[in-house]
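Inside the fold
Single-letter residue listing:
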Amino acid sequence: NSPDTQKVWDVGCGSGQATQSVADYFTRVRATDISNAQIAAAAPHPNIDYAVAQAHESGLPNNWADTITVATAVHWFAEQSFWDEVSRAGKADGLFCAWTYQLPDAPTDVMQEYLTPVYELIDPYWAEGNRICMAGYNADNLNCPLATLETPDLNANSNWTALQIADFAQSWSAHLHAREDGHEERLQILRDDFLKRYANKTIAISLPLSIFAARIG
């Protein structure tokens, strides 16, 4: 748990989707991202101060944050310089918490007929950061020197249409790179066959949520 709920630094906030939820629990939120465009697109909130900044150079005073959060981004910058900044900007005994979604799970027939063949075909095209997400966050793959905390196993369960599943798969960077590398026809066949068979069906989808927490200081 966070020792206090006054100040939180949300790192790699993108357009602030997760930041908006974080702001429900803290009095003041400093949300940073390296992208000017993402910060410009963030929705205003009275508790949130958005800023363009690198993860290892927050611009925050020493011992400022009660909690430091990162939603689906820490795998891109989990280097010693970032952890040094966490230790500098975070309060002693403060909370660090990061989370990400892993690859979706589905009923056996959907896995066998669509998702597993797609996973196998696009596997060589994942970036290393994506592979960290797929494996789940831990101190080793995040190079984290802080004392880790126990976290719960959670899943986001929902009912999706076949089109939602197919579009979600097609949005992955590895899917794009595979298409660009000559696998477009095979991926399109898998998509078309899947949509034809499951067009009007509702499919139970589970997205495992990997949570990593550590004590600052």
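Being a predicted model, the structure only gives us computed values, none of them experimental.

What counts and what doesn't
Residues numbered from 1 in each chain as written. Predicted model: local features only at pLDDT ≥ 70, side-chain atom pairs only at ≥ 80, totals over all residues. Heavy atoms only, no water. Helix = DSSP H or I, 4+ residues; strand = E, 2+ residues; numbered from the N terminus. Contact = heavy atoms within 4.5 Å. Buried < 20%, exposed > 50% of the residue type's maximum accessible area, 1.4 Å probe, protein only. Polar contact = N/O pair within 3.5 Å; in protein donor to acceptor, adjacent residues only side chain to side chain. Core = buried A, V, L, I, M, F, W, Y, C linked by side-chain atoms within 4.5 Å. Axes fitted to C-alpha atoms, helices over the stretch in contact; angles between N-to-C directions. Parallel < 35°, antiparallel > 145°, perpendicular 65-115°, else oblique. Nonpolar A, V, L, I, M, F, W, Y, C, P; charged D, E, K, R; others polar. Salt bridge = Lys/Arg side-chain N within 4 Å of Asp/Glu carboxyl O.

Brief notes about the environment of Arg30
Along the chain, Arg30 turns up in strand β2 (residues 28-33). Separated by 26 residues in sequence, Arg30 and Asp4 have C-alpha atoms that sit 15 Å apart. Setting aside chain neighbours within four positions, we find Arg30 in contact with Val8, Trp9, Asp10, Asp49, Ala51, Ser58, Leu60 and Trp64.

Observations concerning unusual backbone geometry
As a rule of thumb, non-glycine residues mostly have phi less than zero, and peptide bonds are mostly trans rather than cis. Its identity as a non-glycine residue notwithstanding, Thr72 has a phi of 50°, on the positive side. Residue position: Thr72 is located in the loop between β4 (65-71) and α3 (80-89). At Asp93, a position not held by glycine, the phi torsion is positive, near 70°. By secondary structure assignment, the location of Asp93 is in strand β5 (residues 90-101). On the accessibility criterion, Asp93 (46% relative accessible area) is partly exposed.

A short note on the side chain of Asp66
Following the sequence through the fold, Asp66 ends up in strand β4. Of note is the side chain of Asp66, whose polar atom sits 2.8 Å from the backbone nitrogen of Lys7. Filtering out sequence-adjacent residues up to four positions away, Asp66 remains in contact with Ser2, Pro3, Asp4, Thr5, Gln6, Lys7, Lys91, Gly94 and Leu95.

Things to note about the nonpolar core
Among the nonpolar cores identified, the biggest contains 27 residues, and Trp9, Val70, Val74, Phe82, Trp83 and Phe96 are the most heavily contacted of them. Among the elements of the structure, β1 (7-11), β4, α3, β5, α5 (128-135) and β8 (202-215) are those that each provide at least two residues to this core. Element by element, the count of residues in this core is highest for α3, at four residues. Each residue touching Phe96, except ones within four places of it in the same chain, is listed here: Ile68, Val70, Val74, Phe82, Trp83, Val86, Leu146, Phe212, Ala213, Ala214 and Ile216. Counting residues in each nonpolar core, the second largest holds 26 residues, with Leu115, Ile165, Trp172 and Leu190 among its members.

Focus: the packing of helix α4 (residues 108-122) against helix α7 (residues 173-198)
Here α4 crosses α7 at 175°, and the two axes come no closer than 9 Å. The pairing of α4 with α7 is recorded here as roughly antiparallel in orientation. Here Asp109, Val110, Glu113, Tyr114, Pro117, Val118, Leu121 and Ile122 of α4 come into contact with α7, specifically with Ala174, His175, Ala178, His183, Arg186, Leu187, Leu190, Arg191, Phe194, Arg197 and Tyr198. Partitioned by chemical class, the residues of the contact of α4 with α7 number twelve nonpolar, two polar and five charged.

Some details on the pattern of salt bridges
Under the defined criterion, the tally for this structure stands at seven salt bridges. The partner of Arg88 in a salt bridge is Glu85, with the nearest N and O atoms 2.8 Å apart. Pair noted here: Arg88 and Glu85 are both in helix α3, with a separation of three residues, about one helical turn. The partner of Glu113 in a salt bridge is Arg197, with the nearest N and O atoms 2.7 Å apart. In this pair, Glu113 is assigned in helix α4 and Arg197 in helix α7, connecting sequence segments 84 residues apart.

Section: the side chain of Arg30
Note on Arg30: relative accessible area 19%, which makes it buried. There is a polar contact of 2.5 Å between the side chain of Arg30 and the side chain of Asp49.

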